[in-house]
Amino acid sequence: MNSFVSKFARRLSFDSVMGGTVATIGTVVLMEAYFRTDLGDAETSKACRYPPTSTILTKDHIRELERNNMVVIHNVLTPTMLQGARNSIQKMGKIFDSDNHSNDEDVRRDATCVIRESDAKFQHGHDSLIHCIKLLRGVPYLLDRFQYNVSSSFNVPKQCQLSRYISDGQLYGYKRHLDRCTESLSEMGLLGWLRASDYRHRSVTCILYLNSPDWNSGGNLRCYRGKETVEERETFTDVNPTGGTLIIFDSEKVEHEVLPSTKDRYALTLWINGERKEVIDT
Ligand SMILES: O=C(O)CCC(=O)C(=O)O
Ligand SMILES: [Fe+2]
C-alpha cells in the first residue's frame, strides 16, 4: 500500500512538473509572439503632431482619402532633403538585413529594416531622414483634426519600415496583398494570430518614396480599386515611386503590389494602428 502511495506521489509530481514546464514554455512562446509586435511601442496621434506635415496634407486630401480609399501627394520633399535621406541610408552602412529570411521570397524580394527617430544610429547628421519619419508620424494628427471618417483612436508606432529593392539584374517586386490582416483566429491559429497583432490593427498605410525626383525606373505601386459588383472590370491606379511622393491609403481596403524596378528603390513606410469607425447608415 505504502509503495503504491509513493509511486502515485512520484508519478503525480512528474506529471505536474511536466505539465508546469509545458504551460510555462507555452506562455513564453505566446508572450514572445505578442510582444515582438510594435503595438506597445507607440504614441497617440497628438504626441506625434509635426507642423511641417500640415503644410503638405490638407483637409481636401483627407476627403479624397475617404472617397477613393487613397490619396497621392507629390513633391513633399525637396531634392536636397531626398539626397540627404539617401545619404543617411548609405552612411548607416549595413542596416538592411540583406539575407532577410523573414521575407517570403515568393511574395516579396526586398530588404527591409526598422528605423526609429531614437535609434543610436541617428545621433548625428541624419536630419533629412528624421524629418521623413516625423512627417509620416505627423499624418494621424491631421486625420483626427480633419475628422477622417473611416478610423480613429490612432496608435502611432515609433518605428517605420525602410525598404530597398535592389537592382542586380533580376526583377524584384512584392505580390498583391492587403496591409491589414483580416483573417480570423481560427484561420490563423493562436500563435499566428498573436504574432500578427499589430498587423491586425493596421488602419492607414503611409509610404514616402526616397528615390530621385526624376525616377523613371519602374517599381510602380499598383493599387487596385475595389469592385462594387462581380461583373465590374477591375481597375487600378499605378503610383510612380518618384522621390518625394507620399501615398496614404486605407490598409483594409486597398490591395496593392510592387512592380519590379530596374534601379535600387527606396520606400519609408508607416502603418498607423487604429479602430474602425462604425458605419452609420443614413
Ligand atoms: O514599397 C512600396 O511601394 C509598398 C511596400 C508594401 O506594400 C509593403 O511593405 O507592405
Ligand atoms: Fe503593403
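Structural notes, computed from the coordinates. (Residues numbered from 1 in each chain as written. Chains lettered and ligands numbered in written order. Predicted model: local features only at pLDDT ≥ 70, side-chain atom pairs only at ≥ 80, totals over all residues. Heavy atoms only, no water.)

1. Observations regarding the site of ligand 1
Phase 1: By nearness alone, 13 residues border ligand 1, and His177, Asp179, Tyr209, His256 and Arg265 come closest of all.
Phase 2: One nitrogen or oxygen atom from the side chain of Tyr209 is found 2.6 Å from an oxygen atom belonging to ligand 1.
Phase 3: The separation between an oxygen atom of ligand 1 and a polar side-chain atom of Arg265 is 2.8 Å.
Phase 4: Where the shell around ligand 1 is concerned, the elements lending two or more residues are strand 6 (174-177), strand 7 (202-209), strand 11 (256-258) and strand 12 (265-276).
Phase 5: Examining the composition of the shell around ligand 1, we find that three residues originate from one element, strand 12, more than from any other. (Near = heavy atom within 4 Å. Polar contact = N/O pair within 3.5 Å; in protein donor to acceptor, adjacent residues only side chain to side chain. Helix = DSSP H or I, 4+ residues; strand = E, 2+ residues; numbered from the N terminus.)

2. Brief notes about the coordination of the iron ion (ligand 2)
Put simply, a metal with four donors set out as a tetrahedron has ideal angles of 109.5 degrees, and one with six donors set out as an octahedron has ideal angles of 90 or 180 degrees.
Phase 1: Only His177 (NE2), Asp179 (OD) and His256 (NE2) from the protein coordinate the iron ion (ligand 2), and they sit 2.1 to 2.2 Å from it.
Phase 2: Coordination of the iron ion (ligand 2) draws on donor residues from a single chain, spaced H-x1-D-x76-H in sequence. Taken together, the residues span a long stretch of sequence, with His177 in strand 6 and His256 in strand 11 at a distance of 79 residues. Of the two residues, His177 and His256, both sit in the buried class. (Donors = N, O, S within 2.8 Å, 3.2 Å for Na, K, Ca; no water. Buried < 20%, exposed > 50% of the residue type's maximum accessible area, 1.4 Å probe, protein only.)

3. A few points about the pairing of strand 7
Consecutive side chains of a regular strand alternate in pointing toward one face of the sheet and then the other.
Phase 1: The buried fraction of strand 7 amounts to eight of the eight residues, a majority that puts the element mostly inside the structure.
Phase 2: As paired elements, strand 7 and strand 12 share seven bridges and run antiparallel to each other. Its bridge partner lying in strand 12, Cys206 is registered against Leu270.
Phase 3: Here strand 7 pairs with strand 10 (residues 246-250) via five bridges, running antiparallel. Considered in strand 10, the bridge of Ile207 is made with Ile247. (Pairing = 2+ DSSP bridges.)

4. A closer look at helix 4 (residues 79-91)
Phase 1: In this model helix 4 runs 18 Å from its N-terminal to its C-terminal C-alpha over 13 residues, within 8% of the 18 Å that 1.5 Å per residue would give.
Phase 2: On its buried face, helix 4 is in contact with helix 5 (127-137), strand 5 (160-165), strand 7 and strand 12.
Phase 3: Immediately beyond the C-terminal end of helix 4, within one or two residues, lies Gly93, with a positive phi of roughly 70°. (Expected span 1.5 Å × (residues − 1). Contact = heavy atoms within 4.5 Å.)

5. A short note on the nonpolar core
Phase 1: Ranked by size, the top nonpolar core spans 46 residues in total, and within it Ile115, Leu143, Leu162, Leu208, Leu210, Ile248 and Leu268 carry the most contacts.
Phase 2: Take this core: its biggest share by element is six residues, from helix 5.
Phase 3: Apart from residues no more than four positions distant in its own chain, Leu268 is found in contact with Ile115, Cys132, Ile133, Leu136, Cys160, Gln161, Leu162, Cys206, Ile207, Leu208 and Leu210.
Phase 4: If you look at the next biggest cluster of nonpolar residues, it comprises 14 residues, including Met70, Tyr172, Cys223 and Ala267. (Core = buried A, V, L, I, M, F, W, Y, C linked by side-chain atoms within 4.5 Å.)

6. Quick notes on unusual backbone geometry
Phase 1: Of note in this structure, Asn75 is not a glycine but carries a positive phi near 55°.
Phase 2: Structurally, Asn75 can be placed in the loop between strand 2 (70-73) and helix 4.
Phase 3: In this model, Ser153 sits at a positive phi of 50°, which is unusual for a non-glycine residue.
Phase 4: Residue placement: Ser153 occurs in strand 4 (residues 151-157).
Phase 5: By relative accessible area, which is 51% here, Ser153 ends up exposed.

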